[in-house]
Amino acid sequence: MSWNWKFGGLILLSTVIDFFLADLIFESKDQSFRKKMIVISLVLNLVFILGFFKYYGFLSENLNALLHYWGFPGLFPILKIVLPVGISFYTFQSLSYTIDVYRGAIPSEKNFIRFALFVSFFPQLVAGPIVTAKSFLPQLQTEKKIEDIPFRKAIRYFLMGYFKKVVLSDNISPIADLIFKNPDVYSTEALWLGAFLFWVQVYCDFSGYTDMAYSAALLLGYELPENFRMPYISQSVTEHWRRWHITLSSWLRDYVYISLGGNRVGLFRHRFNVWFTMFVGGIWHGANWTFLIWGSIQGGFLLLESVLKEWKAKWFPELTISDSWDKILTPVRVLYTSTVAVTFGVIFRSANIESALNMIHGMYVYQSGELRPYMLKQGIPAILCVIIGHYLGWLIYEKGKEFKIPVWLEFSLYPLIAFCFAILSPDGEIPFIYFDF
């Protein structure tokens, strides 16, 4: 609204629609009426709000191209539609509330102000995490007292998020952008560096935002769900999606995968559900063929790993690996998962399929070209920071190791940390990546 106040009407519309429809669903005992109301909510949110603003341009251009190919004139007008910031996040949040009420998981919220606060809660509004009503609305029932706010924890999360976003991501983003813009002129080494820098950029930018959002919410007396948990130590693509953008993965599981029948259906249908859920995750990220293909590939890996797990349980139920072999295979599994993330992350990041294929080809088939020293000087330390950060996170959160520091020392270091961050911060302002989604 600070840029264009009219876009405030969209989030207000989404809020009003789901507040009233959910209440009608909750109060009614007529199942056919309840189904009609939930269908109306889905159509209004996914088609008329999210669908129009996010996907109309993509669909109209491609349908017109298809008609021209068949010799017909284009029927769909091309409109220059601005994508409102955060529309994917607040639409999913508001819709999850109505679905949960329909399923009987929660009662309808009778206070419009409380429900509007849930939909428009500003710390995570524009880039997540995606918060569900059943986790947030109960927090509005308790009085917030300043003595209950964990300031130390909140400050730690904010500093960590700022370091990820501004110090790491913003410093290497121009290098990644330069390489992805014209991959043909760079060497194979530079292309791999660019792919790894995007690996750093997208993680530090997005998880840095959610760390700061978590901190801001804590300072207001609210706790948001965890959204990242060291995703780059994952030993499979399936595990990666349990650790990366956890709230989106959980939303897709709860409201797409389970709605399709989950694993309670036939074998073929279950496998389709696994693939299709990740395909939807790809489309959610944007209206571009790159996202459709990236989502399809990720869904394919999830499907493959699911099938291999089923085969192992069926044909080799007694097969186990010793601890020593497991330790040997762990780096191999992490390398496999990281290779998938880095390689197909190129498709996610590229402007179009042709550019993505050119870059992947250059990564795996040697080509000569540019690799400037400053790229290595700035890029390698950022990559090492992420690796070391994941190792420390694994020690703290997975192994339960405690690193204690006296309160007086920690708070006395804050001015020095702020000074160091100011020196290391780039001069330019780089928007958050997920503002585009």
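Every chain's residues receive numbers from 1 upward, in the order its sequence appears when written. Totals for whole chains, interfaces and linings use all residues, but because this is a predicted model, local features are given only for residues with pLDDT of at least 70 and pairs of side-chain atoms are given and counted only at 80 or more. The basis for every side-chain value is the complete set of non-hydrogen atoms in the structure, without hydrogens or water.

Following the UniProt record, one finds the feature "transmembrane region" (unreviewed entry) at residues 6-26, 38-58, 70-92, 112-131, 274-297, 334-353, 374-393 and 405-424. Helix makes up 90% of residues 6-26 and strand 0%. Its end C-alpha atoms lie 31 Å apart. Each helix is a run of DSSP H or I of at least 4 residues and each strand a run of E of at least 2, with the numbering of both proceeding from the N terminus. Annotated as residues 374-393, this span is 100% helix and 0% strand, and its ends, taken at the C-alpha atoms, are 29 Å apart. UniProt positions are given in the numbering used here, feature names are shortened, and annotations may be inferred rather than shown by experiment.

This part is about the packing of helix α1 (residues 8-27) against helix α2 (residues 31-69). Helix axes are fitted to C-alpha atoms over the stretch in contact, other axes to C-alpha atoms as well, and angles between N-to-C directions run from 0 to 180 degrees. Where α1 contacts α2, the axes come no closer than 9 Å and their chain directions differ by 170°. Between α1 and α2, the angle is such that the two are roughly antiparallel. Across the interface between the two elements, L10, L13, S14, I17, D18, L21, L24, I25 and F26 from α1 touch F33, R34, M37, I38, I40, S41, L44, N45, I49 and F53 from α2. Partitioning the contact of α1 with α2 into residue classes produces 14 nonpolar, three polar and two charged. Put simply, angles under 35 degrees are roughly parallel, angles over 145 are roughly antiparallel, angles from 65 to 115 are roughly perpendicular, and the rest are oblique. Every residue pair with non-hydrogen atoms within 4.5 Å of one another is taken to be in contact. Under this grouping Gly is polar, as are all residues other than the nonpolar Ala, Val, Leu, Ile, Met, Phe, Trp, Tyr, Cys and Pro and the charged Asp, Glu, Lys and Arg.

Aromatic contacts are taken between Phe, Tyr and Trp rings whose centres are within 6.5 Å, Trp giving its six-membered ring; a plane angle under 30 degrees counts as stacked, one over 60 as edge-to-face, and the others as tilted. Overall, the coordinates contain 45 aromatic pairs when judged by the stated rule. Here the aromatic rings of F136 and Y222 are separated by 5.4 Å at their centres, their planes lie at 25°, and the arrangement is stacked. With a gap of 86 residues between them, F136 in helix α5 (residues 133-136) and Y222 in the loop between α7 (188-219) and α8 (237-243) connect regions that are remote in the sequence. Partly exposed describes any residue whose relative accessible area lies between the buried limit of under 20% and the exposed limit of over 50%, with all areas from a 1.4 Å probe on protein chains only and scaled to the type maximum. For F136, a relative accessible area of 2% gives the class buried. Look at Y203 and Y232: their rings are 5.5 Å apart centre to centre, the planes differ by 55°, and that puts the pair in the tilted class. Residue Y203 is found in helix α7, and its partner Y232 is found in the loop between α7 and α8; the two are separated by 29 residues along the sequence. Its relative accessible area of 8% is what places Y203 among the buried residues. Take Y232: its relative accessible area is 9%, and that puts it in the buried class. Within the aromatic cluster, the residues linked to one another by ring pairs are F19, F20, Y97, F112, F115, F118, F121, F122, F136 and Y222. Two conditions define a charge located above a ring, namely a distance within 6 Å from the ring centre to NZ of Lys or CZ of Arg, and an angle within 35 degrees of the ring normal. Geometry around W284 places K54 over its ring, the cationic atom sitting 5.1 Å from the centre. Sitting above the plane of the F403 ring, K401 keeps its charged end 5.9 Å from the centroid.

Attention now goes to a nonpolar patch on the surface. Only residues whose relative accessible area exceeds 30% and that take part in no salt bridge are eligible for patches, with like-charged residues grouped when within 9 Å of each other and nonpolar side chains (Val, Leu, Ile, Met, Phe, Trp, Tyr) grouped when within 5 Å. Calculation of accessible area relied on Shrake-Rupley with a 1.4 Å probe; when residues are assessed, cover is drawn exclusively from the protein chains displayed. Whenever a carboxyl oxygen of Asp or Glu lies within 4 Å of a side-chain nitrogen of Lys or Arg, that contact is scored as a salt bridge. On the surface, L371, L376, I380, L384, I387, I388, Y391, L392, W394, I396, Y397 and F403 cluster together to form a nonpolar patch covering roughly 1,100 Å² of accessible area. Checked against the element boundaries, I380 lands in helix α14 (residues 373-398).

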